[in-house]
Amino acid sequence: MIGKALIYIAFAASIISMVGFFLAHTGKENYLKVGRIFFHVTTIGIITASLYLLYIILSHQFQFAYVWEESSTDLQLPLLMSTFYAGQEGSFMLWAFLTAVIGIFLLNFVSKGDRLEPQAMLIYTLVLSFLTLIIILKSPFNYIWEAFPKEVEYGFTPPEGRGLNPLLQNFWMSIHPPTLFLGFSSLTVPFAFAIGSLLKNEYQKWVTFSVPWILFSGGILGLGIMMGGYWAYGVLGWGGYWAWDPVENSSLIPWIINVASLHTIISQKKTGGYKKTNLILSILAFLLVLYSTFLTRSGILGESSVHSFVDPGALVYLVLVIFISSFTLISIIAIAFRFKSLKDLRSESAHFLTKESFLFIGALLLCASGLVVFVGTSLPIFSSAKVEAAFYNKMNIPVAIFLMITMGISLYIEWKQTDAKKFLNNLILPLSLALITTIVLVIVGLTDILYIVFAFVSLIAFFVNARLAVRIIRNGKLNFGGMFAHIGIALFFLGVIGSGRYSEETNLSLEQDVPKEAFGYKFTYVGATPFMDPNNKRDTMYAFNVKVEQDNKEVTLRPIMFMSSFSNGVMKNPDIANFTVKDLYISPMSLEEPDQFPKENVYELKRGEKTKINELEVEFIDYDFGTMQKGGKEMASGNYTLGAIIKVNDGKNTETLNIKTQFVNGAPMPVPAVMQSNSKYNFYFLNMTVMGEEKGGSVAKIAVMDPMKNNTKAAGETLVVSASIKPFISVLWTGVLMLFAGFILSIFRRRKEISMKYPDRIEEKKEAPKAQTNTPAKKKK
């Protein structure tokens, strides 16, 4: 009851807080304090409820249905804590928790001076109230007898939980979802400022206030998305990092729109243009977060995405629809009501060859990419057709090429008027370096014309931004965050070209201790090593040791397979060798046990028909059910005997043999039989197929072996793997890190701008007395 009570208190407090902020917005400033107090009550309620959920998870209180469904006592602390958000209820709780924490920082910021406090906090608190309502309806604090009333008696506490899905038992589970949700939650701030500015009819301040949050969202959400990509690459075993899965896409689209808004907002700060564009993009980024939530948690993509949650129930489904619809309607009404007020401050329209125009073109290209992904992602809602990855690649590559061109040349373009000669001179060095590098890439194997162009323009963007970043650093300035981010994008695209378009893959059947060559490496499977994972004490796992050799150097890769008691299926994890310019990736596919009898010595005999085997003539007479004739108890125990009666003619003698297989604890053990007159061959009964004549008749499978020619000793087991080379994938991950670093560096710069342009109210009060004392002193002088 504690958790539920805290959420109810938070919900009620959020309603009162909204009323207080709304009345303050209408001019009754005394109510601003009410809004602040009850907003703090809301956040305290949500944060305390979150801590309580974490407590009941860590203390293994399995009487709570959510704790029982997602956790178990054998999980180590990091993964046990991650079960907080492993299920649908917990993920809503995490979203509300992070939104509440960000709200504390937001309230602290907007309360210092004229910073759209009532308007922005009104909208922000409305978001929190919706989140708490969803948690009330989809609560992680239900007891197990409430969740399963027909199956569990009141007061029942299971001794153990179901445990965490083995696919989620990974280091990245501890940081990827919180990072992603932190990005989602932070997009609420620009949205609140955008709607708040429409409420107040003030369109310049919100831009300055929003930029650090837009940068924060871009950096954190982008990092979270690529954490998911790295997780998929290192764990799932299909060899890629992005599958264009609808749920993956639904988190990418808000990021794209958010980055687009960043570029047009920079333009508005400088020229006063694109007011409508910036409001729409900032609002749209948040609405797409809600749309992403709907796709992921409504169960609507259950058959289209491996990431989708199950159906949350009709009531929660309805609330999600109302959540999206309400904020969409609020946004449309607010923009429509203020549309005539949204006039640009520019005295004249921008020329084409200006930085403002190129920033808009870049934003337009990003929006085009977002639209492509949105259409492909939404199609499964309306159709059973599945959009293939080729669609996204085909549509986005041309967009990316033009985006790289824009990113490369726009930095040498001025805000008002650009000198054409100076512009072309600045491009000579980056173009030359890009051309030389592209020629080198063509020599080493880049052949596709489209990808050659893509690589060339990405290199232009890289060298232009790198050159300017070096120049800024030498001058002792810190405004190179944007260049770092652009360098990161260029490196990312170059990594995509190398690892995506030019990766090589082959399947290898590695018989134990028998080397095989591929990609210039020698692969040798040397056996499996059983082990127990500290987080999964229920299943024995097997690391399959594959020795990889080249140029007198060797490394042992250990892909993993095991039978999961959680899913009743085989779980597979790849292993990766990271080299300077490529990754060697091995994903296990299957383990083939050795065949005791070669295929060429195995025969299927139809009852009543004679079959020629070497110089022998063999006829299958009938089955011998042995001990099975006494009843079915023997088969149930796993210890029984089956056989076949065959007649064998070697050209001189004819004998009838009863060949049998004994089953011990369910394991077959064929027993050899020989002719008395001719001991050259051993006969084995393997299995049988009993069918009526209308279906082809009964068939016995036997093996006929010549001990002098055939070696019946089992060959080593065979490990089947998918081996692949991923060229330049390290360039891709380096690009991701540089992109994130660029966002973070830019945040510090923009925060400094705000503190200089809009000083805290407290600082203003401190400075006032100094001004009064200085004035008489000057007069006295």
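Keep in mind that this is a model prediction, so the values were computed, not measured.

**Looking at the pattern of salt bridges**
- Tallied over the full model, the rule gives ten salt bridges.
- Note that K200 is salt-bridged to D114, the shortest N-O span being 2.9 Å. Of the two residues, K200 is situated in helix α9 (residues 188-200) and D114 in the loop between α5 (88-110) and α6 (117-137); the sequence distance between them amounts to 86 residues.
- Relative accessible area serves as the criterion here: at 33%, K200 is assigned to the partly exposed category.
- Classification of D114 by relative accessible area gives partly exposed; the value is 43%.
- The salt bridge involving R607 is made with D622; its shortest N-O contact spans 2.6 Å. On the criterion of sequence distance, the pair formed by R607 in the loop between β10 (602-606) and β11 (610-613) and D622 in strand β12 (residues 616-624) is long-range, its members being 15 residues apart.
- A network of salt bridges, in which partner residues are shared, links D114, K200 and K205.

**Notes on the sheet that holds β12**
- In spatial order, the strands read β11-β12-β13-β14-β15; together these five strands make up an open sheet with antiparallel pairing. One side of each edge strand has no neighbouring strand; the edge strands of this open sheet are β11 and β15 (667-671). This sheet shows a mean twist of 30° between the axes of neighbouring strands, independent of strand direction.
- Sheet topology places strand β14 (residues 654-664) next to β15; five bridges connect them, and they run antiparallel. What sits directly across from T661, in β15, is P670.

**A look at the packing of α9 against helix α13 (residues 314-337)**
- For the pair α9 and α13, the least separation of the axes is 9 Å and the interaxial angle reads 40°. Classified by the interaxial angle, the pair formed by α9 and α13 is oblique. The interaxial crossing formed by α9 with α13 has left-handed handedness. Across from F191, I195 and L198 in α9, the residues of α13 making contact are F327, I330, S331, A334 and I335.

**Let's talk about helix α15 (residues 389-409)**
- Helix length check: α15 (21 residues) gives 30 Å between terminal C-alpha atoms against 30 Å at 1.5 Å per residue, within 8%.
- A bend of about 30° at N396 is the largest found in α15, and the proline P398 appears one to four places after it.
- For α15, the elements touching its buried residues are α11 (246-271), α14 (355-382), α16 (420-444), α17 (449-474) and α18 (481-501).

**Side note on the nonpolar core**
- Ranked by internal contacts, the top residues of the largest apolar core, which has 173 residues, are F193, L198, W255, F323, F327, M404 and F454.
- Among the elements that make up this core, the one with the highest residue count is helix α10 (residues 205-236) (15 residues).
- Not counting the four nearest positions on each side in its chain, M404 is found in contact with F454, V457, S458, A461, I489, A490 and F493.

**With respect to unusual backbone geometry**
- Even without glycine at this site, Y274 takes up a positive phi of about 60°.
- In this structure, N614 takes a positive phi of about 55° despite not being glycine.
- N614 sits in the partly exposed class, given a relative accessible area of 48%.

**Some points on the environment of S331**
- Within the secondary structure layout, S331 lies in helix α13.
- If near-sequence neighbours (up to four positions away) are discounted, S331 is found in contact with F191, I195, I283 and L287.

**Digging into the packing of aromatic side chains**
- Tallied over the full model, the rule gives 39 aromatic pairs.
- Their ring planes at 70° and their centres at 5.0 Å tell us that F171 and W172 sit as a pair that is edge-to-face.
- The exposed category is assigned to F171, whose relative accessible area is 53%.
- Look at W244 and Y392: their rings are 4.7 Å apart centre to centre, the planes differ by 10°, and that puts the pair in the stacked class. On the criterion of sequence distance, the pair formed by W244 in the loop between α10 and α11 and Y392 in helix α15 is long-range, its members being 148 residues apart.
- Given the relative accessible area of 15%, W244 is considered buried.
- With a relative accessible area of 1%, Y392 lands in the buried category.
- Three or more aromatic residues link up through ring pairs in this structure, and these residues are F171, W172, Y230, Y233, Y241, Y585 and W733.
- One residue, K276, lies across the ring of F339, its end atom 5.3 Å from the ring centre.

**Side note on the pairing of strand β17 (residues 699-705)**
- Across the seven residues that make up β17, a large majority, six, are buried.
- Relative to β17, strand β16 (residues 682-689) is paired through seven bridges, and the arrangement is antiparallel. Looking at β17, one finds that M688 is bridged to A700.

**A short note on a nonpolar patch on the surface**
- Side chains of L435, I436, I439, V440, I443 and V444 sit close together on the surface and give an oily, nonpolar patch of about 600 Å² of accessible area.
- Along the chain, I439 falls in helix α16.

**A closer look at the packing of α6 against α13**
- Direction vectors running N to C along α6 and α13 enclose 170°, while the axes themselves pass 10 Å from each other. Relative to α13, α6 is oriented roughly antiparallel. Counted together, L126, V127, F130, L131, L133, I134 and L137 of α6 and L315, V316, V319, L320, I322, F323, S326, F327 and I330 of α13 form the full contact between these two elements.

**Quick notes on the side chain of Q169**
- Among the structural elements, Q169 can be located in the loop between α7 (144-147) and α8 (176-186).
- Among the polar contacts listed, one links the side chain of Q169 to the backbone oxygen of L164, at a separation of 2.7 Å.
- With near-sequence residues (within four places) excluded, Q169 lies in contact with L75, L79, L164, N535 and N536.

**Thoughts on the sheet that holds strand β18 (residues 718-727)**
- Pairing is antiparallel in the open sheet, where four strands are placed in the order β1-β18-β9-β8. Strands at the two margins of the open sheet, each flanked by one partner only, are β1 (504-511) and β8 (575-578). Each adjacent strand pair in this sheet contributes to an overall mean axis angle of 20°, direction not counted.

**A look at the confidence of the model for the protein**
- Chain-level statistics for the protein give a pLDDT mean of 87 and a share of 90% at 70 or above.
- Ranking the helices and strands of the protein by mean pLDDT puts helix α2 (residues 32-58) first, with 97, and helix α21 (residues 761-780) last, with 43.
- Note that pLDDT drops below 50 for residues 762-781; the model gives that stretch one contact with residues more than four away or on any other chain.

Reading the values: the criteria
- By convention here, each chain's residues receive numbers from 1 onward along its written sequence.
- Thresholds applied to this predicted model are a pLDDT of at least 70 for local features of residues and 80 or more for the giving and counting of side-chain atom pairs; totals over whole chains, interfaces and linings are not thresholded and use all residues.
- Side-chain measures were taken over the full set of non-hydrogen atoms in the model, leaving aside hydrogen atoms and water.
- One speaks of a salt bridge when a side-chain nitrogen belonging to Lys or Arg is within 4 Å of a carboxyl oxygen belonging to Asp or Glu.
- Note on conventions: DSSP H or I runs of at least 4 residues are helices, E runs of at least 2 residues are strands, and numbering of each starts at the N terminus.
- Note on classification: 1.4 Å probe, protein chains only; a residue is buried when its accessible area is under 20% of the maximum for its type, exposed when over 50%, partly exposed between these limits.
- Should DSSP find at least two bridges between two strands, the strands are regarded as paired.
- Fitting a line to C-alpha atoms yields each axis, with helices limited to the stretch in contact; the angle taken between N-to-C directions then spans 0 to 180 degrees.
- The scheme is simple: roughly parallel for angles under 35 degrees, roughly antiparallel for over 145, roughly perpendicular for 65 to 115, oblique for anything else.
- Crossing chirality is assigned from the near helix's rotation relative to the far helix, an anticlockwise turn below a right angle marking it left-handed and a clockwise turn marking it right-handed.
- Contacts are assigned to residue pairs with any non-hydrogen atoms lying within 4.5 Å of each other.
- By definition here, a helix of n residues has an expected span of 1.5 Å times n minus one.
- Values of bend correspond, residue by residue, to the angle between axes fitted over the seven residues ending at that residue and the seven starting there.
- Here, nonpolar core means buried Ala, Val, Leu, Ile, Met, Phe, Trp, Tyr and Cys residues that are tied together by side-chain atoms lying within 4.5 Å of each other.
- Pairing of aromatic rings covers Phe, Tyr and Trp, the last counted by its six-membered ring, and requires centre-to-centre distances within 6.5 Å; plane angles under 30 degrees mean stacked, over 60 mean edge-to-face, and any other angle means tilted.
- Put simply, a charge is over a ring when the Lys NZ or the Arg CZ is close to the ring centre, within 6 Å, and near the line of the ring normal, within 35 degrees.
- Patches draw on residues past 30% relative accessible area with no salt bridge. Two like charges within 9 Å are joined, as are two nonpolar side chains (Val, Leu, Ile, Met, Phe, Trp, Tyr) within 5 Å.
- All accessible areas in this document rest on Shrake-Rupley with a 1.4 Å probe, and a residue is counted as covered only by the protein chains that are shown.
- N or O atoms within 3.5 Å of each other form a polar contact, as long as, within protein, one can give a hydrogen and the other can take it, and as long as residues adjacent in sequence are counted only when both atoms are side-chain atoms.
- A score from 0 to 100, pLDDT tells how confident the predictor is in each residue.

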